[in-house]
Amino acid sequence: MHVDLPIVHPPIETYQGNSFILGILLAHQNVSCIYFNNYINMSCKDTTDTFYMNLMFTKSMWEDYRVCGIAEMNLYDTHNIGKKEFVDFLKERINQGCYLLFYRVDEYYLSYTKYYNKDHFIHDSYVYGYNNESFSVMAYQNNKLSEIKVPYQEICEAVYSSSFCTFRPNHGIEVNVNLDLIYQEYQNYYNSAFGDVNQEGVVYGINTYDVLVGCLNMLINCTDLERKEIDPRPFRCLWEHKKVMKDRFVMLNEKYSVGYRMYPLAVELDRIAHTVFMMVLKFNITRDDNLLKSMIQYLTKMKENELQCRFVV
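Structure report, in brief. (Residues numbered from 1 in each chain as written. Predicted model: local features only at pLDDT ≥ 70, side-chain atom pairs only at ≥ 80, totals over all residues. Heavy atoms only, no water.)

### A short note on the packing of aromatic side chains
Moving on, step 1. Summed over all chains, the structure comprises 20 aromatic pairs.
Moving on, step 2. Between Phe20 and Tyr99, the ring centres sit 6.0 Å apart and the planes meet at 75 degrees, which makes this aromatic pair edge-to-face. Highlighted residues: Phe20 in helix H1 (residues 16-26) and Tyr99 in strand S5 (residues 99-106), separated in sequence by 79 residues.
Moving on, step 3. On the accessibility criterion, Tyr99 (1% relative accessible area) is buried. (Phe/Tyr/Trp six-rings, centres within 6.5 Å; stacked < 30°, edge-to-face > 60°. Helix = DSSP H or I, 4+ residues; strand = E, 2+ residues; numbered from the N terminus. Buried < 20%, exposed > 50% of the residue type's maximum accessible area, 1.4 Å probe, protein only.)

Below, the structure written as structure tokens:
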């Protein structure tokens, strides 16, 4: 038997948990417009170290979609499930239309990871189907988000003795493009706000540029002995934010004749953000300070351009 629940390869890949959830939502027509209504604002920790920055889209985790009724979730503890019955239990959940979210997976047991039979490394992993021998998993393989077939026994060993959740889109609702919501999310982004409540120690919206610049300035001021690599994830997420922005303005222009003036800006921001991301990768090889200075100039100009061209419905 072969059962793969609907999923598309998502347009964002920086964090596989967020990516998996978006891949599910985009595969279900009744909720797919969440891609345009959401994925506008961003947040990060107020830090000068890219490895602790955790830049990501706001309101994009599974719990956010459970709270707003987009999806339903259930929590399971493997201690309440016999190990011999565990695989069949997971398959039953998939047969019911539930995707599997594993938060604590020991990659020592997973042959597609670099930790296989070497080190016990705890990470996350996500399952969307199965066949007669393996589960269908979305996870990173060789630094690329991939759809992988993983033998039953590997998943069982890697996951058993921890809790996990199921995630099932709500088929009883219809999400449409909401221009008012999009407008409000952009205002929050420009005003560096998260609704009415900003969490202490967290930076929101367009001010996340300042955190990225601060991290790069810290590297410039470090001695060679102190210098660390740049974590590429915040810069990849920044690039993905601009890719989503471009997709959104294509849709708004085609369907509503709205935002056509923003599209050229979105294209340019997408191009520059990709350039910055590639410069990060190059810096981690060369440690060339000139790259840091160029990235700062690019980021500063990107923020200026966005503020000068605020989106108005």
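### Here's the deal with the side chain of Asn188
Moving on, step 1. Residue position: Asn188 is located in helix H6 (residues 179-190).
Moving on, step 2. For Asn188, the residues in contact, after removing those within four places along its chain, are Asn41, Ala193 and Gly195. (Contact = heavy atoms within 4.5 Å.)

### Digging into the packing of helix H8 (residues 233-256) against helix H9 (residues 263-286)
Moving on, step 1. Look at H8 against H9: their axes get within 8 Å of each other, and the N-to-C directions meet at 160 degrees. Considering their axes alone, H8 and H9 lie roughly antiparallel with respect to each other. Like other packed secondary-structure pairs, H8 and H9 cross with a definite hand, here left-handed. Mapping the contact onto sequence places Phe235, Arg236, Leu238, Trp239, Lys242, Lys243, Met245, Lys246, Phe249 and Val250 in H8 and Tyr263, Ala266, Val267, Leu269, Asp270, Ala273, His274, Val276, Phe277 and Val280 in H9. (Axes fitted to C-alpha atoms, helices over the stretch in contact; angles between N-to-C directions. Parallel < 35°, antiparallel > 145°, perpendicular 65-115°, else oblique. Left-handed = near helix turned anticlockwise from the far one by under 90°.)

### A closer look at the sheet that holds strand S2 (residues 42-45)
Moving on, step 1. Here we have three strands laid out as an open sheet, ordered S3-S2-S10, and antiparallel in their pairing. Each having just a single partner strand, strand S3 (56-57) and strand S10 (202-204) make up the two edges of the open sheet.
Moving on, step 2. The pairing of S2 with S10 spans three bridges and is classified as antiparallel. Counterpart to Cys44 in the pairing with S10 is Val203. (Pairing = 2+ DSSP bridges.)

### Some points on unusual backbone geometry
One can expect most non-glycine residues to show negative phi and most peptide bonds to be in trans.
Moving on, step 1. You will see that Asn142, though not glycine, has its phi angle at about 55 degrees, which is positive.
Moving on, step 2. Counting through the fold element by element, Asn142 comes out in the loop between strand S7 (134-141) and strand S8 (144-151).
Moving on, step 3. Look at Asn142 and you get exposed, because its relative accessible area is 72%.
Moving on, step 4. In the Ramachandran plot, Ser192 falls in the positive-phi region, its phi being about 55 degrees despite a non-glycine side chain.
Moving on, step 5. Looking at where Ser192 falls in the secondary structure, it is placed in the loop between H6 and S10.
Moving on, step 6. On the accessibility criterion, Ser192 (11% relative accessible area) is buried.

### Considering the nonpolar core
Moving on, step 1. If you look at the biggest cluster of nonpolar residues, it comprises 101 residues, and the most contacted ones within it are Phe135, Phe167, Met295 and Leu299.
Moving on, step 2. Examining the composition of this core, we find that 10 residues originate from one element, H9, more than from any other.
Moving on, step 3. Every residue in contact with Phe135, bar those within four places of it in the chain, is listed here: Val87, Leu90, Lys91, Ile94, Val127, Gly129, Tyr130, Ile148, Lys149, Val150, Tyr152 and Ile155. (Core = buried A, V, L, I, M, F, W, Y, C linked by side-chain atoms within 4.5 Å.)

### Quick notes on the packing of helix H7 (residues 208-220) against helix H10 (residues 289-308)
Geometrically, a packed helix pair is captured by the angle between its two axes and the distance between the axes.
Moving on, step 1. Two elements in contact, H7 and H10, have axes whose closest approach is 10 Å; the angle formed by their N-to-C orientations is 165 degrees. Relative to H10, H7 is oriented roughly antiparallel. With respect to the hand of their crossing, H7 and H10 are arranged in left-handed fashion. Taken together, the residues of H10 that come into contact with H7 (itself represented by Tyr209, Asp210, Leu212, Val213, Leu216, Asn217, Leu219 and Ile220) are Leu292, Lys293, Met295, Ile296, Leu299, Thr300, Met302, Lys303 and Glu306.
Moving on, step 2. In terms of residue class, the contact of H7 with H10 is built from 11 nonpolar, two polar and four charged. (Nonpolar A, V, L, I, M, F, W, Y, C, P; charged D, E, K, R; others polar.)

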